[in-house]
Amino acid sequence: EVQLVESGGGLVQAGGSLRLSCAASGFSIDDYAIGWFRQAPGKEREGVSCISSTENSTYYADSLKGRFTISRDSAKNTVYLQMNSLKPEDTAVYYCAAGFMAYHCSAYEPYEYNYWGQGTQVTVSS
């Protein structure tokens, strides 16, 4: 009943752009913080960005500021991650997650999120 489904991944050349989508069902994204995470082979999962459930307050990993933008479309119950100026080191499986959180999403660890999607592969060629 409760699901998150990522889409929009694929193969892109360095310097290109992709927009990832995280479509929610069974709950309203307006009631949850939404986070984007990524994991490359042999590396730990890392936080990319998140958006709070109030006033669309956002967080970005320092290395990604200025390149990635997270946004929420309440009418479509979907959160997006716009990725520009992509680099080979951005190659990873990207996951979205939802959490019912009292504070801004930047204060929470991944294990504190309630729901997770299946992931979508992003590959950036040099």
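Residues numbered from 1 in each chain as written. Predicted model: local features only at pLDDT ≥ 70, side-chain atom pairs only at ≥ 80, totals over all residues. Heavy atoms only, no water.

K.L.:
Give a description of the overall build of the protein chain that names residues and reports values.
P.N.:
If you tally the helices and strands in the protein chain, you get 0 helices and 11 strands. Traced from its N-terminal end to its C-terminal end, the protein chain shows the element sequence β-β-β-β-β-β-β-β-β-β-β. Here the protein chain has a C-alpha radius of gyration of 14 Å; the compact-globule value for 126 residues is 14 Å, and the two agree. Expressed as lengths along the three principal axes of its C-alpha atoms, the size of the protein chain is roughly 40 × 25 × 25 Å. (Helix = DSSP H or I, 4+ residues; strand = E, 2+ residues; numbered from the N terminus. Rg over C-alpha atoms; globule rule 2.2 N^0.38 Å.)

K.L.:
Which residues make up the layout of surface pockets, and what values go with them?
P.N.:
Each pocket or cavity is described by its volume, and for the largest pocket that value is around 170 Å³. As for the largest pocket, its lining consists of 13 residues, of which Phe37, Gly47, Tyr59, Cys105 and Tyr108 are closest to the centre. Of all the secondary-structure elements, those providing two or more residues to the lining of the largest pocket are β4 (33-39) and β5 (46-51). If one sorts the elements of the lining of the largest pocket by residue count, β5 sits on top with 4 residues. When the residues that make up the lining of the largest pocket are grouped by side-chain class, the tally is 9 nonpolar, 3 polar and 1 charged. (1 Å grid on protein atoms, 1.4 Å probe; cavity = no way out; pocket = protein on both sides within 12 Å on 5 of 7 lines; lining within 4 Å. Points joined across faces, edges and corners; volume = space filled by probe spheres on them. Nonpolar A, V, L, I, M, F, W, Y, C, P; charged D, E, K, R; others polar.)

K.L.:
Lay out the pattern of salt bridges in plain terms, naming residues and giving numbers.
P.N.:
Per the stated rule, a full pass over the model turns up 4 salt bridges. In this structure, arginine 38 and glutamate 46 form a salt bridge, with 2.7 Å as the shortest nitrogen-oxygen distance. According to the relative accessible area criterion, arginine 38 is buried, its value standing at 8%. For glutamate 46, a relative accessible area of 34% translates into the label partly exposed. With its nearest N and O atoms 3.4 Å apart, the salt bridge here joins lysine 65 to aspartate 62. Taking relative accessible area as the criterion, lysine 65 reaches 53% and is therefore assigned exposed. Taking relative accessible area as the criterion, aspartate 62 reaches 65% and is therefore assigned exposed. Via salt bridges that share partners, Arg38, Glu46, Arg67 and Asp90 belong to a single interconnected network. (Salt bridge = Lys/Arg side-chain N within 4 Å of Asp/Glu carboxyl O. Buried < 20%, exposed > 50% of the residue type's maximum accessible area, 1.4 Å probe, protein only.)

K.L.:
Which residues make up the packing of aromatic side chains, and what values do they have?
P.N.:
Under the definition given, this model contains 7 aromatic pairs. The interplanar angle of 65° and the centroid separation of 4.8 Å between the aromatic rings of phenylalanine 27 and tyrosine 32 together place this pair among those described as edge-to-face. The exposure class of phenylalanine 27 is buried, given its relative accessible area of 11%. Looking at tyrosine 32, the relative accessible area reads 14%, which means it is buried. Aromatic side chains phenylalanine 37 and tyrosine 113 sit 5.3 Å apart centroid to centroid with 85° between the ring planes, which places their arrangement in the edge-to-face category. Remark: tyrosine 113 occurs in the loop between β9 (92-99) and β10 (115-116) and phenylalanine 37 occurs in strand β4; sequence separation between them is 76 residues. Tyrosine 113 sits in the buried class, given a relative accessible area of 6%. The ring of tyrosine 80 is capped by arginine 19, whose NZ or CZ atom sits 4.3 Å from the centre of that ring. The ring of phenylalanine 37 carries the charged tip of arginine 45 above its face, separated from the ring centre by 6.0 Å. (Phe/Tyr/Trp six-rings, centres within 6.5 Å; stacked < 30°, edge-to-face > 60°. Lys NZ or Arg CZ within 6 Å of the ring centre and 35° of its normal.)

Shape descriptors only; they carry no functional weight alone.
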